[in-house]
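Spelled out from the first residue to the last, the chains are:
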There are 2 protein chains.
Amino acid sequence: MKRLGLLAAPLLMGQAPATSPPPSLANTSADEIVAAAPAAHWLAIDPDDIMVMDTAAGRMVVQLAPQFAPAHVAAIKALVRAGRFDDGRIVRVQDNYVVQWAAKPEDGKQVVSQPPDVRQQRVRPAPLPAEYERSAKGLTFTPSPFKDTYAQAGWVPGWQAARDAKAGTVWLAHCYGTVGVGRDMPPDTGDGAELYTVIGHGPRHLDRNIANVGRVLAGIEPHAALPRGTEELGFYKDEAQRPKIASVRLASQIASFPLWQMMDTASRSFAAVVQARANRTGFFVRPARAADLCTLKVPVREVPRGVR
Amino acid sequence: MKRLGLLAAPLLMGQAPATSPPPSLANTSADEIVAAAPAAHWLAIDPDDIMVMDTAAGRMVVQLAPQFAPAHVAAIKALVRAGRFDDGRIVRVQDNYVVQWAAKPEDGKQVVSQPPDVRQQRVRPAPLPAEYERSAKGLTFTPSPFKDTYAQAGWVPGWQAARDAKAGTVWLAHCYGTVGVGRDMPPDTGDGAELYTVIGHGPRHLDRNIANVGRVLAGIEPHAALPRGTEELGFYKDEAQRPKIASVRLASQIASFPLWQMMDTASRSFAAVVQARANRTGFFVRPARAADLCTLKVPVREVPRGVR
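Computed from a prediction, not measured in an experiment: that's the story for all the values here.

(A) Spatial organisation of the overall build of chain A. Secondary structure assignment for chain A yields six helices and 16 strands. The buried share of chain A, reckoned over its 308 residues, is 53%. Here the analysis covers contacts within chain A between residues at least 6 apart in sequence; of these, 70% occur between residues at least 24 apart.

If you want it as structure tokens, here you go:
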């Protein structure tokens, strides 16, 4: 109600009767639950698992998930520490699908400027194992109360996931903002030097076909708004079109970087968020009484250093 | 395979081993089925149901669905014919949600330039009935073979839809590219002068809560790439930020406009497309064996006038 009330003011070119937009995905009620959640319902995110990417479009903050793809995450962190993503490029933006970016190549081909001192820091990781799913052992899986087209949907602490209870496996789901690793045709060819994030309808058919390594915590918006590439699959045509990556650092390398938390998906607060999103009120004359996994995002928040 | 083969050439800043992106939503196999579909598996789209919108971002072609929202579609066509959308504005872009645009208001408030001759043509429609679902009578419903979180998913000829078999109702589903009508809190307050299209994960919770009137056939890309609005819910802050709409016409008003067709969703070709998308090969080591409604888009195509 409040959110819609706020809308009355900026409403739209003086029309009467004023037509308002559909409300945001995050309705006020879920927002209120998040705001009221006690500290015990939040989990700290390790600053060493946060990648801070400054590009020509803006800053994007990515949380890595070593519990799902330990070899990939270790390789990505090694690339970050070696400065390999500095002066990298966003190479592909495909509408309703992905934004994809790449570390600076070792041989420097197709790169406009390449200071040799940066070049010498480069590492060249070996191809990595196909970390597409993992054993469910040691992870708390909170099942979604709603039907899922693909598997059993749910959450492992702080993450949108799915599982095969019979096989005892669990994996990160491909939703808006999920970060994965580009690979070639053989499953073990991803090296972590090329990553993408989803900017469209959750492509869940990619689940268990590619290594998911994380998700965007903040700053996806200007990247999702980049011009779509004109070549096959949304690749940019040439170097002039590719937005530059100024630098990528781990949050643990940046002294002043804020702390981040994610809601504990096993908490009562999160269960209430799920119910609120499935049973929206106010604008909604007919609550859906369900919600699919990709709309049930896990709340995350930035907290000033010193709090908690 | 072919699609991925093509990728080898533009691949990505000279890296070795080259990492390729995940393949497109439309895999080659489904594309081949579409290309081979006989003429009898395609349905003509009435040029009077196509809205051609030229904006500062580009041309967007929208198909209207009078069979689902007859009063809204009639009101929108009246607005188009009266030139009410000419010199309108895109007023809102919310990340992972919607692009929303508005006809030029009758009183001209907040509009920079407003030629009086255009102004006098304006109509002011009355609020419209809440056309959120309709009787299933007279529509062929082809159920999806896969589970849906929200209802029974499927298609009515040429459209992504869902139904309540018990109640005998059917409605258009909110997916990427669906076009709906903005409204205020009371359900009957949409007048068709303000429309949106979805540019994020399909917000199916809006189904049966707002009048869907169509979908984008072409040209969503540059609109989905517009800068996100900085105000509450992604509204643009002021007139300077709002991209202009040069004109909106029906395809029936444009002599040279191409004809469009949509695949008959009751055809064998479409059933094969659904299966191909659920059982992807090549890049995919583990086909999902399912696909959710919003990923199962209905193929559409432009055909030169004179063909068929």
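(B) Representation of the environment of A161 of chain B in the model. Structurally, the position occupied by A161 of chain B is in strand β9 (residues 159–164). Excluding its chain neighbours within four sequence positions, the residues that come into contact with A161 of chain B are G154, W155, V156, V170, W171, L172 and A173 of chain B.

(C) Region of interest: the sheet that holds strand β14 (residues 244–250) of chain A. Residue and element names in this part refer to chain A. With antiparallel pairing, eight strands are arranged side by side around a closed barrel as β2-β3-β13-β11-β12-β5-β4-β14. Strand-to-strand, the axes of this sheet are offset by a mean angle of 35 degrees, without reference to chain direction. Examined bridge by bridge, strand β2 (residues 50–55) and strand β3 (residues 59–64) share five bridges and lie antiparallel to one another. When the sheet's bridge partners are listed, M53 is paired in β3 with M60.

(D) Up close: the pairing of strand β14 (residues 244–250) of chain B. Residue and element names in this part refer to chain B. Where strand β2 (residues 50–55) and β14 come together, five bridges link them in antiparallel fashion. Bridge pairing links D54 to S247 in β14. Sheet analysis places strand β4 (residues 88–94) next to β14, joined by two bridges and oriented antiparallel. Residue R89 lies in a different strand from β14, and its bridge partner there is K244.

(E) Representation of unusual backbone geometry. All names here are of chain A. Of note, the phi angle at R208 is positive, near 65 degrees, even though the residue is not glycine. The topology assignment puts R208 in the loop between β12 (194–198) and β13 (212–218). Notably, L233 is not glycine yet its phi reads approximately 60 degrees, a positive angle. Its location among the elements puts L233 in the loop between α5 (221–224) and β14. Taking the number of C-beta atoms within 10 Å as the measure of exposure, L233 has 20 and is therefore buried.

(F) Region of the structure containing the sheet that holds strand β10 (residues 169–172) of chain A. Strand order in the open sheet made by the five strands is β6-β10-β9-β8-β7 (chain A), with antiparallel pairing throughout. Looking along the sheet, the strands with just one partner apiece sit at the ends: β6 (134–135) and β7 (142–143) of chain A.

(G) Representation of the pairing of β3 of chain A in the model. Residue and element names in this part refer to chain A. Here β2 folds back onto β3, and the loop between the two strands holds three residues, one of which, G58, carries a positive phi near 150 degrees. Bridge count for β3 against β13 is four bridges, and the pairing is antiparallel. Counted as the bridge partner of V61 is A218 from β13.

(H) Main features of the confidence of the model for chain A. All names here are of chain A. Confidence along chain A averages 86 in pLDDT terms, with 83% of residues attaining 70 or more. Here residues 1–21 is a poorly scored stretch, pLDDT under 50, and it has 60 contacts once near neighbours within four places are set aside; other chains count. Low confidence marks residues 110–124, where pLDDT is under 50. Its contacts with residues over four positions away, or in another chain, come to 23 contacts.

(I) Representation of the environment of R215 of chain A in the model. Residue and element names in this part refer to chain A. Mapping R215 onto the fold places it in strand β13. For R215, a count of 27 C-beta atoms within 10 Å translates into the label buried. If sequence neighbours within four positions are ignored, R215 has contacts with Q63, G177, T178 and V179.

(J) Seen up close, helix α3 (residues 70–81) of chain A. Residue and element names in this part refer to chain A. For α3, which comprises twelve residues, the first-to-last C-alpha distance of 16 Å matches the rise-based estimate of 16 Å (1.5 Å per residue) to within 8%. Within α3 the residues assigned to the buried category are H72, V73, A75, I76, L79 and V80. Considered in projection along α3, the buried side chains sweep an arc of 160 degrees and stay on one side of the axis. At its buried positions, α3 is contacted by β2, β3, β11 (178–181), β13 and β14. G83 sits one or two positions beyond α3 and adopts a positive phi of about 75 degrees.

(K) Molecular detail of the environment of A44 of chain B. All names here are of chain B. Along the chain, A44 turns up in strand β1 (residues 42–44). By the C-beta count within 10 Å, which is 11 here, A44 ends up exposed. With near-sequence residues (within four places) excluded, A44 lies in contact with L259 and Q261.

Cut-offs applied
Residues numbered from 1 in each chain as written. Chains lettered and ligands numbered in written order. Predicted model: local features only at pLDDT ≥ 70, side-chain atom pairs only at ≥ 80, totals over all residues. Helix = DSSP H or I, 4+ residues; strand = E, 2+ residues; numbered from the N terminus. Buried ≥ 20, exposed ≤ 12 C-beta atoms within 10 Å, placed from the backbone. Contact = placed C-beta atoms within 7 Å. Pairing = 2+ DSSP bridges. Axes fitted to C-alpha atoms, helices over the stretch in contact; angles between N-to-C directions. pLDDT = per-residue confidence, 0-100. Expected span 1.5 Å × (residues − 1). Arc of directions from axis to C-beta.

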